[in-house]
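Structural overview
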Amino acid sequence: MSLYLLIALVLVGIGLASLVGEFAFPTGGIFLVVSLSLFAVAAAIVWWYGSTLEATIAIIGFCIGVPAVGWLTVQAWKTLAIKRGLDPQAAGGSITQVMTELSELETLKGSTGKTLTPMRPSGMVELNGRRVDALTEGLMLDPNTPVKCIEIKAGRVIVRKIDKAAPTNDFNLNDFNELNTP
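An account of the accompanying structure is given in this report. None of the values given here were measured: they were computed from a predicted structure.

This brings us to the packing of helix α2 (residues 30-49) against helix α3 (residues 52-78). Orientation of α2 relative to α3, taken along the N-to-C sense of each, is 160°, at an axis distance of 8 Å. In this view, α2 runs roughly antiparallel relative to α3, as classed from their interaxial angle. Read as a crossing pair, α2 and α3 show a hand that is left-handed. For the pair formed by α2 and α3, the contact residues are Leu36, Phe39, Ala42, Ala43, Val46 and Trp47 on the first element and Glu54, Ala55, Ala58, Ile59, Phe62 and Val66 on the second. The class makeup of the residues in the contact of α2 with α3 is eleven nonpolar, no polar and one charged.

Here is the structure:
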C-alpha cells in the first residue's frame, strides 16, 4: 500500500471519528465541518497522487458513503431515549392522553392548596385534592405552606406562596363604602 493511500485512510478514519463525536457531543456542527473537510482532503490526496481509477473510486465512495452515514445517523437518532421523551407516541402514550393531561392541569390555574414537600424550588403540592409536581417562582418553601397556582407553563405547574390571613375571594365592597362616607 502506498503512503498516500495510508494517509488518506487515516484522514477518513479521523473524519469518521469526528462524525461520531458530533453525534455523541453536539457541537453545533463543528465536528461535522471538520469531518467533511478531512474527507475532502483525503479525496484530494488520492486525486493528486493516485491513479485516475483510484481517484474515481475514492470520490464515488465518498459520494455514496457520506449520505449513507447521514441516513444511518438519523435512523439511530430516532431510536434514542431523548427522542422517545419528546415524542409521546414513541414513549407508548398517545397524543390524546398527553392533551387530556395538559387540559386537566389547566383547570388547576387559580386554585389554592399547600406544599407537601419542601419546594427547592420544585416539589410536590396538593391543589384541589390532587397531588402534582410543581415549581415555585424561585423561592424555597417549607412543607404545609399555603400556595396558589398562578400559571401552567409547558406542562409545569407554577405556584406562589400566599398568606393564610388574607383570603383572596371574600371582599365585601360595603366595607369600603363605609370608609368613604362622611
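Read on, since the account is not over.
Per the counting criterion, the structure on display carries two aromatic pairs. Where tyrosine 4 meets tyrosine 49, the ring centres are 6.2 Å apart and the plane angle is 35°; that geometry is what we call tilted. Here the residue tyrosine 4 occupies a position in helix α1 (residues 3-24), and tyrosine 49 occupies one in helix α2, the gap between them amounting to 45 residues. Centroid distance phenylalanine 39 to phenylalanine 62: 5.7 Å. Interplanar angle 25°. Geometry classified as stacked. Taken together, the residues phenylalanine 39 in helix α2 and phenylalanine 62 in helix α3 connect sequence positions 23 residues apart. Classification of phenylalanine 39 by relative accessible area gives buried; the value is 7%.

Pairing within the closed barrel is mixed, and its five strands lie in the order β1-β2-β3-β5-β4. Within this sheet the neighbouring strands show an average axis-to-axis angle of 55°, counted without direction. As paired strands, strand β3 (residues 130-136) and strand β5 (residues 156-161) are joined by three bridges and run parallel to one another. Paired with leucine 135 across the bridge in β5 is isoleucine 158.

So, on to the pattern of salt bridges. Applying the stated criterion across every chain, the model contains two salt bridges. Between glutamate 137 and arginine 160 there is a salt bridge, with the nearest N and O atoms lying 2.7 Å from each other. With glutamate 137 in the loop between β3 and β4 (146-153) and arginine 160 in strand β5, this pair connects stretches of sequence that are 23 residues apart. A relative accessible area of 45% means that glutamate 137 is categorised as partly exposed. Under the relative-accessibility criterion, arginine 160 is labelled partly exposed at 41%.

Attention shifts here to the layout of surface pockets. Its volume calculated, the largest pocket comes out at about 250 Å³. Leu16, Leu19, Val20, Glu22, Phe23, Leu32, Leu36, Val66, Val69, Gly70 and Thr73 are the residues that line the largest pocket. When residues of the lining of the largest pocket are traced back to their parent elements, those giving at least two are α1, α2 and α3. Looking at which element gives the most residues to the lining of the largest pocket, the answer is α1, with five residues. A breakdown of the residues in the lining of the largest pocket according to their chemical character gives eight nonpolar, two polar and one charged. Estimated volume of the second largest pocket: approximately 210 Å³. Taken together, 13 residues form the lining of the second largest pocket, with Leu105, Asp133, Gly155, Arg156 and Val157 sitting closest to its centre. Going through the elements one at a time, α5 (95-106), β3 and β5 are the ones with two or more residues in the lining of the second largest pocket. Take the lining of the second largest pocket: its biggest share by element is five residues, from β3. Of the residues that constitute the lining of the second largest pocket, the class distribution is seven nonpolar, two polar and four charged.

What counts as what
Residues numbered from 1 in each chain as written. Predicted model: local features only at pLDDT ≥ 70, side-chain atom pairs only at ≥ 80, totals over all residues. Heavy atoms only, no water. Axes fitted to C-alpha atoms, helices over the stretch in contact; angles between N-to-C directions. Helix = DSSP H or I, 4+ residues; strand = E, 2+ residues; numbered from the N terminus. Parallel < 35°, antiparallel > 145°, perpendicular 65-115°, else oblique. Left-handed = near helix turned anticlockwise from the far one by under 90°. Contact = heavy atoms within 4.5 Å. Nonpolar A, V, L, I, M, F, W, Y, C, P; charged D, E, K, R; others polar. Phe/Tyr/Trp six-rings, centres within 6.5 Å; stacked < 30°, edge-to-face > 60°. Buried < 20%, exposed > 50% of the residue type's maximum accessible area, 1.4 Å probe, protein only. Pairing = 2+ DSSP bridges. Salt bridge = Lys/Arg side-chain N within 4 Å of Asp/Glu carboxyl O. 1 Å grid on protein atoms, 1.4 Å probe; cavity = no way out; pocket = protein on both sides within 12 Å on 5 of 7 lines; lining within 4 Å. Points joined across faces, edges and corners; volume = space filled by probe spheres on them.

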